[in-house]
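# Descriptive analysis of the structure
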Amino acid sequence: MNESDKYLLPARFVPPGIGSIFLFMLFIVFFAWSVAASGISVSELLTGLPNMLQITSEMIPPSTDRVEPMMKAVLVTFQMALVGTVIGILISLPLAVLASKNHTPHPWIRFAVRSMVSFIRTVPDLAWALFFVASVGLGPFAGTLTLIMDTIGFCARFFAESIEEVDEGSPEALSALGASNTSIVVCAVLPLAMPGLINTSLFALEKAVRSSVVLGLVGAGGIGAELATSMEMFRYDQAATIVLMIFALVVVVEMLSSRARTSLIEKRK
């Protein structure tokens, strides 16, 4: 074997150090503790299998006696997701500029905005839904407000990262010409960051469609309310129809989103 062949050989396995082994063992112990705390029980799973089969059998065939109101509820669900996403994106854009380290007016403003976005993202969707249901009442409006908050927590962070990754050549050229910070952001930064912004926005729409289904379970409107009612009344055949409608809605949104992303990538090439 000559000297050049040595560089073609794969790297030998390096035994982990004592610290790595200790951390791995600590993870194993904590995972085992977590399994016990999560209440996983094979015996209970086996005991519940007949009930699962019974419920499944009652779902077949899916019921068609309330298709029309279900279709309306699916439409409301998508409308909630669309409106909540669009409004959330419009609010996220200026917040993202303030949260970006290269275009924020002051580091303290960046810290404050990022802290606010982190708080919004930390609060679960169901908690926001319960808050808005208690504030504005039952219905789609509470769900739309929840989706706006969810979109802000998701988009503002990733928008800020996309803005920070923009090449500084064009913004610096405009700055040298005496352009204001607002002009630099609008004319150079946002156009250069647009592919990332659009990609994040499409993912936000997909996320909002899924979230809007769950929000109906707490009275925030949409098809989730129909699903909760069917399950509470033991109408599993109606629940099966609702699940199929939700599946169709999610598939259509994912297909349109995927096609839009593919078109965007081809245009960038």
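Report follows, based on the coordinates. Note that the structure is predicted; figures quoted are calculated from it, not measured.

### Details of the overall build of the protein chain
Looking only at helices and strands, the protein chain has 11 helices and zero strands in total. When the helices and strands of the protein chain are read in sequence order from the N terminus, they spell out α-α-α-α-α-α-α-α-α-α-α. Long-range pairs, those at least 24 residues apart, make up 76% of the contacts in the protein chain with a sequence separation of at least 6. When the accessible surface of the protein chain is totalled, it reaches about 16700 Å², and 71% of it is carbon and sulfur.

### Quick notes on the pattern of salt bridges
This structure, assessed with the given rule, holds five salt bridges. Taking the shortest distance from any N to any O, the salt bridge between Asp150 and Lys207 comes out at 2.7 Å. Of this pair, Asp150 sits in helix 7 (residues 140-164) while Lys207 sits in helix 9 (residues 181-215), and the two are 57 residues apart along the sequence. Residue Lys207 is classed as partly exposed on the basis of its relative accessible area of 29%. Note that Glu161 and Arg157 form a salt bridge whose closest N and O atoms lie 3.6 Å from each other. One end of the pair, Glu161, and the other, Arg157, are both in helix 7, four residues apart, so they sit about a helical turn from each other.

### Focus on helix 2 (residues 18-37)
Spanning 20 residues, helix 2 covers 28 Å between terminal C-alpha atoms, matching the ideal 28 Å at 1.5 Å per step. Taken from the residues just after helix 2, Gly39 is the one with a positive phi, measuring 75°.

### What to know about the nonpolar core
In terms of nonpolar packing, the biggest core is built from 50 residues, with Ile163 and Ile223 touching the most fellow members. Breaking this core down by element, the ones donating at least two residues are helix 4 (67-99), helix 5 (107-122), helix 6 (125-136), helix 7, helix 9, helix 10 (223-232) and helix 11 (236-268). Looking at which element gives the most residues to this core, the answer is helix 7, with 11 residues. Once residues within four sequence positions are removed from consideration, Ile163 is found in contact with Ala96, Val97, Ser100, Asn102, His103, Val189, Leu190 and Ala193.

### Looking at a nonpolar patch on the surface
Together, Ile21, Phe24, Met25, Phe27, Ile28, Phe31, Val35 and Ile40 line one region of the surface with nonpolar side chains, adding up to about 810 Å² of accessible area. Tracing the backbone through its elements, the reader meets Phe24 in helix 2.

### Observations regarding the packing of aromatic side chains
The description of an aromatic ring pair rests on the distance of the ring centres and on the angle between the ring planes. Tallying each qualifying case throughout the model produces nine aromatic pairs. Centre to centre, the rings of Trp108 and Phe111 are 6.0 Å apart; their planes meet at 85°, and the pair counts as edge-to-face. Here Trp108 and its partner Phe111 are both found in helix 5, three residues apart, which amounts to about one turn of the helix. Each member of the pair, Trp108 as well as Phe111, is classed as exposed. With 5.9 Å between their ring centres and 20° between their planes, Trp128 and Phe132 make a pair best called stacked. Of this pair, Trp128 and Phe132 are both found in helix 6, four residues apart, which corresponds to roughly one turn of the helix. Accessibility classification places Trp128 together with Phe132 in one group, the buried group. Among the aromatic residues, ring-to-ring pairing joins Phe119, Trp128, Phe131 and Phe132 into one connected group. Over the face of the ring belonging to Phe158 we find Arg157, whose NZ or CZ atom lies 5.2 Å from the ring centre.

### Let's talk about the side chain of Asp150
Here Asp150 falls in the buried class, since its relative accessible area comes to 12%. Residue contacts for Asp150: discarding those within four places in its chain leaves Asp125, Lys207 and Ser211.

### Some words on unusual backbone geometry
Glycine aside, a negative phi is what most residues show, and trans is what most peptide bonds show. One non-glycine residue, Phe234, adopts positive backbone phi at about 60°. With respect to the element layout, Phe234 can be found in the loop between helix 10 and helix 11.

### Some details on the side chain of Ser100
Counting through the fold element by element, Ser100 comes out in the loop between helix 4 and helix 5. At a separation of 2.7 Å, a polar atom in the side chain of Ser100 contacts the main-chain carbonyl oxygen of Val97.

### A look at the environment of Ala260
With respect to the element layout, Ala260 can be found in helix 11. Look at Ala260 and you get partly exposed, because its relative accessible area is 33%. Through-space distance from the C-alpha of Ala260 to that of Ile198 is 9.2 Å; in sequence the pair is 62 residues apart.

### Digging into the packing of helix 4 against helix 7
Between helix 4 and helix 7, the shortest axis-to-axis distance is 6 Å and the interhelical angle comes to 40°. The hand of the helix 4/helix 7 crossing is right-handed. A breakdown of the residues in the contact of helix 4 with helix 7 according to their chemical character gives 21 nonpolar, seven polar and one charged.

Conventions we followed
Residues numbered from 1 in each chain as written. Predicted model: local features only at pLDDT ≥ 70, side-chain atom pairs only at ≥ 80, totals over all residues. Heavy atoms only, no water. Helix = DSSP H or I, 4+ residues; strand = E, 2+ residues; numbered from the N terminus. Contact = heavy atoms within 4.5 Å. Areas by Shrake-Rupley, 256 points an atom, 1.4 Å probe, with all protein chains shown as cover. Salt bridge = Lys/Arg side-chain N within 4 Å of Asp/Glu carboxyl O. Buried < 20%, exposed > 50% of the residue type's maximum accessible area, 1.4 Å probe, protein only. Expected span 1.5 Å × (residues − 1). Core = buried A, V, L, I, M, F, W, Y, C linked by side-chain atoms within 4.5 Å. Patch = residues over 30% accessible without salt bridge, like charges linked within 9 Å, V, L, I, M, F, W, Y side chains within 5 Å. Phe/Tyr/Trp six-rings, centres within 6.5 Å; stacked < 30°, edge-to-face > 60°. Lys NZ or Arg CZ within 6 Å of the ring centre and 35° of its normal. Polar contact = N/O pair within 3.5 Å; in protein donor to acceptor, adjacent residues only side chain to side chain. Axes fitted to C-alpha atoms, helices over the stretch in contact; angles between N-to-C directions. Left-handed = near helix turned anticlockwise from the far one by under 90°. Nonpolar A, V, L, I, M, F, W, Y, C, P; charged D, E, K, R; others polar.

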